[in-house]
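What the coordinates show
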Amino acid sequence: MPREPYYVQSLERGLAVIRAFDAQHSELTLSDVARVCGLTRAAARRFLLTLTDLGYVRTDGRLFSLAPRVLELGYSYLSSISLPDVAEPHLERLVAEVRESSSIAVLDGDDIVYVARVPTSRIMRVAINVGTRFPAYATSMGRVILADLPEPDLDAYLGRARLEPLTDRTICTPAELRAELARVRRQGHSIVDQELEEGLRAIAAPIRNRSGAVTGAVNVSIHAARATVDDIRERILPPLLAATAAIEADLKIAGRRPAG
């Protein structure tokens, strides 16, 4: 597919080199990076050494890894939106009330990305931090955001997303997911019962902007042994909805506040 005239391929490749590193591959050799990114060794070396000079990558001469400075790239985004700062006090109050972990995520491509989190105890095999990504279709937060997409955007998502069975409970056909999203849209919240990970239940509600569009979501995640789906709906949903309403109200105030 031909690129637009403005497209800077070297920037794309440089970002691909940064994304080659993750929790399972925190250290990579030059050959590893070349293979993952589809680059020649010479090209991968140029990108890695440039990123090293800029302070985003470090190396011992054989292995490369991301340097703490790479956090600046994500912090620039978080600093440009008021959501995490506004929401955190409300998350803390919600967690104190329900005694379960709570998070906020936004949609990025076909994934949700965590932008704020207040944990109580670790209940997932994968550690969750700001920046953690999960496929939107299998998460409560992803579903409340997907449920608000305009129909053409939802059609496009369902046409391209890889709906894989992460557990034996995961909804993984476009027809089933479309029906579930319609139900989420009607009821105003989503409960996911062990579809992302066995033993994990979660409930989420949307965060809406002034125009009513969903811009993010708040969830509460609970170990399945501690609460049934009915328990979650009865005990967790009311304080969750109160928290999202308070966040929305504060976001409106923050949006009216003069800059500087």
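Read on for an overview of the structure. (Residues numbered from 1 in each chain as written. Predicted model: local features only at pLDDT ≥ 70, side-chain atom pairs only at ≥ 80, totals over all residues. Heavy atoms only, no water.)

**Looking at the sheet that holds strand E9 (residues 214–223)**
An order of E6-E5-E4-E9-E8-E7 is seen for the 6 strands of this open sheet, with the pairing classed as antiparallel. Unpaired on one side and paired on the other, strand E6 (133–135) and strand E7 (190–193) mark the two borders of the sheet. Here the strands of the sheet are splayed against their neighbours by 30° on average, with no regard to which way each runs. As paired strands, strand E4 (residues 101–108) and E9 are joined by 5 bridges and run antiparallel to one another. Pairing of serine 102 across the sheet is with valine 220, part of E9. Across the sheet, helix H5 (residues 83–98) touches E4, strand E5 (111–118), strand E8 (200–208) and E9, and the angle it forms with E4 is around 145°. (Pairing = 2+ DSSP bridges. Helix = DSSP H or I, 4+ residues; strand = E, 2+ residues; numbered from the N terminus. Axes fitted to C-alpha atoms, helices over the stretch in contact; angles between N-to-C directions. Contact = heavy atoms within 4.5 Å.)

**Topic: unusual backbone geometry**
Note: most peptide bonds trans; most residues except glycine with negative phi. In this model, arginine 99 sits at a positive phi of 60°, which is unusual for a non-glycine residue. Tracing the backbone shows arginine 99 in the loop between H5 and E4. In this model, glutamine 194 sits at a positive phi of 60°, which is unusual for a non-glycine residue. For glutamine 194, the position within the fold is in the loop between E7 and E8. Assessed through its relative accessible area of 8%, glutamine 194 is described here as buried. (Buried < 20%, exposed > 50% of the residue type's maximum accessible area, 1.4 Å probe, protein only.)

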